[in-house]
There are 2 protein chains.
Amino acid sequence: MLYDVSMPIEENMQVYKNLQQKKPRITQVANFKTNGFYESEIAMNLHTGTHIDYPLHMIENGNDSSYEVLTDLITDVKVFDLSYLTDSIDLNTVKKLDIKENDFILFKTKNSFSEEFLNDFTYLGSDSAKYLRDKKIKGVGIDGLGIERSQTGHPTHLALLDNDIYIIEGLRLKAVKQGVYKMICLPLKIIGVEAALARIVLLDKQI
Amino acid sequence: MLYDVSMPIEENMQVYKNLQQKKPRITQVANFKTNGFYESEIAMNLHTGTHIDYPLHMIENGNDSSYEVLTDLITDVKVFDLSYLTDSIDLNTVKKLDIKENDFILFKTKNSFSEEFLNDFTYLGSDSAKYLRDKKIKGVGIDGLGIERSQTGHPTHLALLDNDIYIIEGLRLKAVKQGVYKMICLPLKIIGVEAALARIVLLDKQI
């Protein structure tokens, strides 16, 4: 079974804080009447839809997309269903999860069930991020368009990115149950940037 | 072994016919000095770099990206090394290849060895495209930025797209030897468009 956990990209899609400048713009640059074929162009913020944050997003001179290692992104992942939470993913909750060194973990939250941007989207608290950093995880994904919300100084991003832990934002996990999957995350190969738009699928593990 | 067969996306990358409007534009929309973080936006033609052409590209009311089936794009592929050819992939050449119904095939040509756009890039002749259509292949990829060159009425595209055969353009196959591989092609999930930017990897088949 294959689960497409990527957000559909269209002009009216949900974007962070409903900011108009974060919406993608698709422009027709050739059409059948004038050109005999059809061609379009897209303009979009690299943090719209399903994407990876690289350290450069929050750390001056941090690693950018050029340092991405594809074999890190084609990997087993643990999906944890935390859709019952209403605010943050707090330390008490995270401590109870089976998380080990080198794990790549994905959090399924209430965000996956909304096609509109939620002002109160579930996010990863900074204490939890520091706990995951200390656990030496490889990466963490979430189904919100941000992995943190209204935390001064972006401590969640920093705890993770300062340790080159991959952050994936904008997942769609509604159809995915808690469990272990094979993730294939292929970001566009844009060189030298702080984030990358990605298509991501999960596959059932063969037993 | 994993082969990344995607073209790096950067502002000075090679584009079809060196047309300036086909070059991607990356714009900084937030930076450390002003915002305390770094964020950028990309604008690019959907036919720049490694991408899939859907029928709508050449057929009015043809199928668009919404009809893409990911399981078709995660599949075995046959890579044929035709890098000795100087002009088109002609019918005589294609007829000698081991191609069967439902195959997904990739053509490695001299295009893979150039970082500049080649005006005389190797392309798939329309007779060859019709032969592949009649063989009922599933898809065909090439390492040029176009699968055809200066053929009036785009007969190569039409023979393939009219039969919903996937076309991949802009592959980078320099490091890949002729043989059978597992391809993972994940296009960005842009809805309702005629093409999709993609990241594509090949994996050695397990014996």
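What counts, and at which threshold
- Just so you know, the residues in each chain are numbered from 1, in the order the chain's sequence is written.
- Lettering of chains starts at A and numbering of ligands starts at 1, both following the order in which they are written.
- The model is predicted, so local features are restricted to residues of pLDDT at least 70 and side-chain atom pairs to those at 80 or more, both for listing and for counting; the totals for chains, interfaces and linings are taken over all residues.
- A run of H or I in DSSP becomes a helix once it reaches four residues, and a run of E becomes a strand once it reaches two; helices and strands are each numbered from the N terminus.
- Put simply, the radius of gyration uses C-alpha atoms, and a globule should come to 2.2 Å times the residue count raised to 0.38.
- Every C-beta atom is placed from the backbone, and the number of other C-beta atoms within 10 Å of a residue's own sets its class: buried at 20 or more, exposed at 12 or fewer, partly exposed in between.
- Throughout, a residue-residue contact means that the two C-beta atoms, derived from backbone geometry, are no farther apart than 7 Å.
- Residues are grouped as follows: Ala, Val, Leu, Ile, Met, Phe, Trp, Tyr, Cys and Pro are nonpolar; Asp, Glu, Lys and Arg are charged; all remaining types, including Gly, are polar.
- Along the chain, pLDDT gives the predictor's confidence residue by residue, from 0 to 100.
- By our criterion, buried Ala, Val, Leu, Ile, Met, Phe, Trp, Tyr and Cys residues that link up through C-beta atoms within 7 Å make up a nonpolar core.
- This arc describes the spread of directions from the helix axis toward the C-beta atoms.
- Fitting of the copies onto one another was done by least squares over C-alpha atoms, counting residues only where both copies have pLDDT of at least 70.
- Two strands are said to pair when DSSP picks up at least two bridges between them.
- In this description, a line fitted to the C-alpha atoms serves as the axis of each element, helices being fitted only across the stretch in contact, and the angle between N-to-C directions of two axes falls anywhere from 0 to 180 degrees.

### A few points about the overall build of chain A
Looking only at helices and strands, chain A features five helices and twelve strands. At 17 Å, chain A has a C-alpha radius of gyration in line with the 17 Å of a compact globule built from 207 residues. On the principal axes, the C-alpha backbone points of chain A span a range of 60 × 45 × 35 Å. Taken over 207 residues, chain A has a buried fraction of 47%.

### Overview of the interface of chain B and chain A
Chain B puts 40 residues into the contact, and the matching count from chain A is 40 residues. Top element by residues in the side of chain B that touches chain A is strand β3 (residues 39–45) of chain B. It accounts for seven residues. Considering only residue class, the side of chain B that touches chain A consists of 24 nonpolar, eight polar and eight charged.

### With respect to the confidence of the model for chain A
Per-residue confidence for chain A averages 96 on the pLDDT scale, and 99% of its residues sit at or above 70. With pTM at 0.97, the complex prediction returns an ipTM value of 0.96.

### A short note on the nonpolar core
Ile 167 and Ala 196 of chain A together with Ile 167 and Ala 196 of chain B are the most contacted members of the largest nonpolar core, which totals 115 residues. Non-local contacts of Ile 167 of chain A, meaning those with residues more than four positions away in its chain, are made with Ile 52, Asp 53, Val 140, Ile 147, His 157, Leu 160 and Leu 161 of chain A.

### Things to note about helix α4 (residues 126–134) of chain B
Residues and elements named next belong to chain B. Residues of α4 that are buried: Ser 126, Ser 128, Ala 129 and Leu 132. Here the buried residues of α4 occupy an arc of 155° about the axis, which is enough to place them on one side. Along its buried surface, α4 packs onto β6 (88–89), α3 (91–95), β8 (123–124), β9 (139–142) and α5 (155–161). Phi turns positive, to about 60°, at Lys 136, one or two residues after α4.

### Some points on the relation of the copies chain B and chain A
Between chain B and chain A, the superposition needs a rotation of 180° and an axial shift of 0.0 Å, giving an RMSD of 0.0 Å. The transformation relating the two chain copies, once decomposed into turn and shift, fits a two-fold axis. Across chain B, the rotation axis passes nearest the C-alpha of Ala 43 of chain B, at a separation of 2.0 Å. Of all interface residues in chain B, 100% are interface residues in chain A too; the two copies therefore contact each other through one and the same surface.

### Section: the environment of Tyr 54 of chain A
Residues and elements named next belong to chain A. With respect to the helices, strands and loops of the structure, Tyr 54 is situated in the loop between β4 (51–53) and α2 (70–73). In this structure, the C-alpha to C-alpha distance between Tyr 54 and Ser 65, residues eleven residues apart in sequence, is 6.2 Å. Ignoring sequence-local partners within four residues, the contact set of Tyr 54 consists of Asn 63, Asp 64, Ser 65, Glu 194 and Ala 195.

### Remarks on unusual backbone geometry
Positive phi outside glycine occurs at Asn 102 of chain A, with the angle close to 75°. Topologically, Asn 102 of chain A is positioned in the loop between α3 (91–95) and β7 (104–108). Judged by C-beta crowding, with 11 C-beta atoms within 10 Å, Asn 102 of chain A ranks as exposed. Positive phi values are uncommon outside glycine, yet Asp 164 of chain B reaches one of about 50°.

### Let's talk about the sheet that holds β3 of chain B
Taken together, four strands build an open sheet; the order of strands is β2(A)-β3(A)-β3(B)-β2(B) and the sheet is antiparallel. This sheet does not close on itself; its edge strands, each paired only once, are β2 (25–30) of chain A together with β2 (25–30) of chain B. Each adjacent strand pair in this sheet contributes to an overall mean axis angle of 15°, direction not counted. Relative to strand β3 (residues 39–45) of chain A, β2 of chain A runs antiparallel, the two sharing five bridges.

### Here we look at the environment of Asp 143 of chain A
With respect to the secondary-structure elements, Asp 143 of chain A resides in the loop between β9 (139–142) and α5 (155–161). Once you skip the residues sitting within four places of it in the chain, Asp 143 of chain A turns out to touch Lys 108, Thr 109, Asn 111, Ser 112, Leu 171, Arg 172 and Leu 173 of chain A.

### Observations regarding the pairing of β7 of chain A
Strand residues, when the strand is regular, have side chains that alternate between the two faces of the sheet. All names here are of chain A. Taking burial as the measure, the five residues of β7 include five buried ones, the bulk of the element. Residues of β7 alternate between two faces, with Phe 104, Leu 106 and Lys 108 on one and Ile 105 and Phe 107 on the opposite face, all of them buried. Sheet topology note: the strand β5 (residues 74–81)/β7 ladder contains four bridges and is parallel. Of the residues in β7, the one forming a bridge with Phe 80 is Phe 107. As paired elements, β7 and β9 share four bridges and run parallel to each other. When the sheet's bridge partners are listed, Leu 106 is paired in β9 with Gly 141.

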